[in-house]
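Structure assessment
Here are the chains, one letter per residue:
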Amino acid sequence: MAYLVGWVGRSARWMEPTNVWWSVRRAWHVSAGLAQGAGGGKKARLRAKKDARMARTSSMYEKFLASKDKKNDQVPPLTVWRGMTIRELAVALNQPPNALLELAQNLKGVDHVRNIRQPIDQEQIFRDLAKILKFRYCTVANPHVQPISKEEEEKSLDVMPEPVDPRRLQPRAPVVAIMGHVDHGKTTLLDHLRHSRVVDGEFGGITQHIGAFSVALTNASSPPSKQSVDQELFSRVTFLDTPGHAAFKAMRSRGAHATDIVVLVVDACEGVLEQTAESIRMIKEAKTEMVVAVNKIDKPNADVKATLESLASAGVLVTEMKGHIPAVPISALKGTNVDQLVEVLIQKARELDLTAEYDSQVEGKVIESSVDKGLGKIATVLITRGTLKKKDFLVCGLSRAKVKVLIDDLGNRVDQAVPSQAVKVSGWKELPGAGDHVYGVKSEKRAHEVITWREKQEKKVKELLDAEEIQKSREEAQEQYEEYRIQKLKAGVRKPKYMRHDFQVRRKEVEEYSGPPKVSFVIKADVDGSLEAIMNCLDLYTNEDVVLDLLDFGVGEVTENDIVLAKQFDGFIFAFNTPPITPARLKIALDNDVPVKEHNIIYKLVDDLKQEIGGRLPPLEVEDVSGRGRVQQEFLVSKGRRKVPVAGCKVSTGKIERGARIRVLRGKQEIYDGTLISLKHHKDEANEIPQGKECGLMVASSLVRFEQGDEIISYTTRLEPQECQWDPGF
């Protein structure tokens with residue numbers, strides 16, 4: 001039997017199911033023919049016996065294979081999972097782990113398996129080992145990992161702030177913001193408190209960033225028992241200097257919402273202006289404590305009383321006017337009464353009883369973000385809870401970071417930052433947005449998990465919006481198709497041939513732009529807040545004669561990609577307060593004829609953009625009036641066989657020129673506007689008639705009839721470049 005099976009195995013070619021069936025069928029037919037006496041001779045009988053023998057052998061082999069498969073089916077397949085180690089697989093196969101490791105390392109394309117504790121994360125490794133070791137397997141979920149239910153999958157994986165533990169609360173210093181109208185002395189006040197000259201470094205003398213500075217407040221009038229506490233608590237008070245320019249509204253709003261106390265600086269000479277009133281609204285919305293500083297009292301035209309009255313009309317009642325908001329008249333330039341302002345701030349901070357946890361999860365808010373050439377992506381973070389240290393992990397919006405460097409406002413590297421302290425943080429994967437919340441997490445894996453979950457949520461929202469757009473496009477396409485069907489039926493065509501009718505004209509795949517002229521440009525800014533202010537200005541543009549085509553925008557210096565992009569669309573680049581462009585990139589820009597416009601003051605950037613817009617607007621036709629006159633009498637003059645009217649008039653102002661255009665007004669109604677064909681003084685043709693002289697003039701239209709008192713206006717036209725009337729709000 002064993003010999004027979006071996007012989008069958010060597011002769012497996014003809015033992016395929018088709019051949020076996022054919023052999024059995026042929027043997028049956030031959031046997032049936034012999035049984036019926038069909039004859040066929042000796043050869044036929046031998047062939048029939050051979051076929052019958054082969055059929056019996058095939059049947060025996062099929063039974064053998066069936067029994068073998070049955071035995072294999074009785075052995076359950078090996079259970080494997082992604083992440084299974086070499087040791088675990090060796091135990092399941094009853095093989096030596098080191099031998100299995102050597103076998104796995106010799107597989108094609110496997111170069112990461114180092115030891116028997118190495119997890120197998122590729123399905124191909126299981127396939128190759130199964131072929132070599134002759135085993136079957138099935139892949140299951142990792143038994144060492146707890147299965148996640150659908151409810152848990154949908155559960156938020158976002159980082160959430162920990163509950164506040166009142167037992168761990170400790171006193172913290174206040175965070176103070178300085179707000180007010182532009183050029184009312186906010187930065188000058190901060191300079192006096194810091195004994196610095198920040199205002200000298202501001203382009204145009206105006207603040208265009210939200211700056212965070214550390215100031216030591218001292219109160220000499222405090223009792224000796226409280227002076228040591230004040231010295232420790234108020235040694236590093238964070239001041240936020242917000243810009244007062246109208247373009248930086250978002251920065252002022254962030255300053256109002258991120259602080260405990262706001263010092264509202266008001267010019268004693270000008271009172272409450274536009275940005276002052278806006279700052280008051282923001283402070284009230286944020287429900288932040290307010291202290292008023294009436295500045296520039298050293299000027300001759302200063303009027304403190306009138307300033308306080310204007311504040312009252314804006315809804316700010318100070319203590320001098322039976323209100324609850326303290327007001328201190330100061331001179332930030334000379335330092336007058338600044339010490340009184342400091343006392344008021346310290347007293348206000350004591351009343352608020354500000355506390356925070358120093359040993360809990362880190363929380364903060366991004367004040368500003370930028371790209372530094374040496375440090376990469378950095379963000380100024382105001383710590384509101386916990387202590388931030390180097391190598392901590394942070395998440396902010398869709399960005400995460402492992403803290404590499406912490407830098408204070410003086411440029412010194414520090415090891416940690418405590419609540420109410422603002423530091424520059426480097427190590428971000430992506431640049432965080434100004435105003436976003438910052439949360440600390442325990443590991444990089446957790447930070448990646450949070451960012452992945454947030455990206456998925458944002459993708460879901462985007463998919464919903466895209467679905468709405470797709471549905472809208474489908475409805476528009478359906479309307480177009482129905483309109484097409486109606487036109488086809490009206491044309492009496494049931495099965496029209498392609499391109500046979502006007503309403504079936506094929507559209508171009510790439511259509512040439514035929515709309516209004518465009519201004520294409522790229523914007524690069526130094527910090528995210530400045531970029532935000534510029535984008536807010538662009539949102540106010542509404543002129544339909546010229547389209548603003550913003551190609552790209554970002555934070556950082558001008559790159560070669562920016563130049564290439566601007567070249568493709570025949571545009572230019574705005575660089576706002578960025579580092580100077582390198583000579584190599586400047587040469588690339590010049591070779592590609594791409595202007596790089598560098599600006600340090602926002603309103604100059606906007607003026608430059610308005611000039612670019614004006615250069616693309618169609619020119620305006622401007623009229624220059626050269627003279628005026630009055631019709632004294634109408635004359636009918638024979639010209640051939642026709643009578644032609646001629647106006648006898650007297651020039652009252654300027655001069656009437658023969659080559660100029662003539663407009664005839666009767667009261668407020670325009671009778672004629674066109675050219676002259678004849679201008680005579682007495683009987684002689686004249687090129688011009690000056691003021692005080694009489695003349696006769698004939699216009700091109702013989703249908704015009706003149707009356708006494710009609711006004712004659714002589715004018716010329718010229719084309720003048722049109723100015724952009726866009727008002728960005730400042």
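Notes on the structure follow. Worth saying up front: this structure is predicted, and the values here are computed from it rather than measured. (Residues numbered from 1 in each chain as written. Predicted model: local features only at pLDDT ≥ 70, side-chain atom pairs only at ≥ 80, totals over all residues. Heavy atoms only, no water.)

1. Examining the overall build of the chain
From N to C terminus, the chain includes 18 helices and 34 strands. Here the chain, with 730 residues, has 41% of them falling under the buried criterion. Sequence-distant contacts, at least 24 apart, represent 72% of the contacts inside the chain between residues at least 6 apart. With an accessible surface of roughly 43,000 Å², the chain has 50% of that area assigned to carbon and sulfur atoms. (Helix = DSSP H or I, 4+ residues; strand = E, 2+ residues; numbered from the N terminus. Buried < 20%, exposed > 50% of the residue type's maximum accessible area, 1.4 Å probe, protein only. Contact = heavy atoms within 4.5 Å. Areas by Shrake-Rupley, 256 points an atom, 1.4 Å probe, with all protein chains shown as cover.)

2. What about the nonpolar core?
Ranked by internal contacts, the top residues of the largest apolar core, which has 26 residues, are L189, L217, F239, V263 and L341. Mapped onto this core, the elements with two or more residues apiece are β6 (175-180), α8 (186-194), β7 (211-215), β8 (237-241), β9 (261-267), β10 (289-295) and α13 (338-352). Of all the elements, α13 adds the most residues to this core, at 6 residues. (Core = buried A, V, L, I, M, F, W, Y, C linked by side-chain atoms within 4.5 Å.)

3. A closer look at the sheet that holds strand β23 (residues 518-525)
As summarised here, the arrangement of the 4 strands in space is β24-β23-β25-β26, forming an open sheet in which the pairing is parallel. Either end of the sheet is taken by a strand with one partner, and the two such strands are β24 (547-555) and β26 (596-599). Here the average twist between neighbouring strands, direction ignored, is 20°. As paired strands, strand β25 (residues 572-576) and β26 are joined by 4 bridges and run parallel to one another. Opposite F576, over in β26, you have H599 as the bridge partner. (Pairing = 2+ DSSP bridges. Axes fitted to C-alpha atoms, helices over the stretch in contact; angles between N-to-C directions.)

4. What to know about the packing of aromatic side chains
Applying the stated criterion to the full structure yields 5 aromatic pairs. Residues F126 and Y137 carry aromatic rings whose centres are separated by 6.1 Å and whose planes lie at 35° to one another, so their mutual orientation is tilted. Here F126, found in helix α6 (residues 123-133), pairs with Y137, found in strand β4 (residues 137-140); they are 11 residues apart in sequence, far enough to count as distant. Taking relative accessible area as the criterion, F126 reaches 3% and is therefore assigned buried. (Phe/Tyr/Trp six-rings, centres within 6.5 Å; stacked < 30°, edge-to-face > 60°.)

5. Focus on unusual backbone geometry
Look at D353: it is not a glycine, yet its phi comes out positive at around 50°. Looking at the element boundaries, D353 is found in the loop between α13 and β12 (355-357). A positive phi angle is found at D593, which is not glycine, with a value near 60°. With respect to the helices, strands and loops of the structure, D593 is situated in the loop between α17 (583-591) and β26.

6. Looking at helix α18 (residues 602-616)
Helix length check: α18 (15 residues) gives 22 Å between terminal C-alpha atoms against 21 Å at 1.5 Å per residue, within 8%. All of the buried residues in α18 are I602, L605, V606, D608, L609, E612, I613 and G614. Next to the buried residues of α18 lie β23, α15 (528-539), β24, β25 and β26. (Expected span 1.5 Å × (residues − 1).)

7. What about a negative patch on the surface?
A surface patch of negative charge is lined by E463, D466, E468, E469, E475, E476, E479 and E482. By the element assignment, E463 lies in helix α14 (residues 444-490). (Patch = residues over 30% accessible without salt bridge, like charges linked within 9 Å, V, L, I, M, F, W, Y side chains within 5 Å. Salt bridge = Lys/Arg side-chain N within 4 Å of Asp/Glu carboxyl O. Lys, Arg positive; Asp, Glu negative; His and termini not counted. Charge placed at Lys NZ, Arg CZ, Asp CG, Glu CD.)

8. Looking at the sheet that holds strand β17 (residues 399-402)
In space, the 8 strands of this open sheet follow the order β17-β16-β22-β13-β14-β21-β18-β19, with antiparallel pairing throughout. What marks the edges here is a single partner per strand, and that holds for β17 and β19 (413-414). The pairing of strand β18 (residues 406-407) with β19 spans 2 bridges and is classified as antiparallel. Residue pairing in the sheet places I407 in a bridge with R413 of β19.

9. Re the pairing of β17
Relative to β17, strand β16 (residues 393-396) is paired through 4 bridges, and the arrangement is antiparallel. Looking across to β17, one finds that C396 is bridged to S399. Counting the residues in the hairpin turn of β16 and β17 gives 2 residues, including G397, whose phi is positive at 60°.

10. Looking at the pattern of salt bridges
Two side chains of opposite charge can pair, provided their charged atoms sit close to one another. Summed over the entire model, instances satisfying the criterion amount to 33 salt bridges. A salt bridge links D267 to K296; its shortest N-O distance comes to 3.4 Å. Here D267, found in strand β9, pairs with K296, found in the loop between β10 and α12 (304-313); they are 29 residues apart in sequence, far enough to count as distant. Residue K296 is classed as buried on the basis of its relative accessible area, which comes to 15%. Residues participating in the shared-partner salt-bridge network are D165, R167, R168, E357, E363 and R385.

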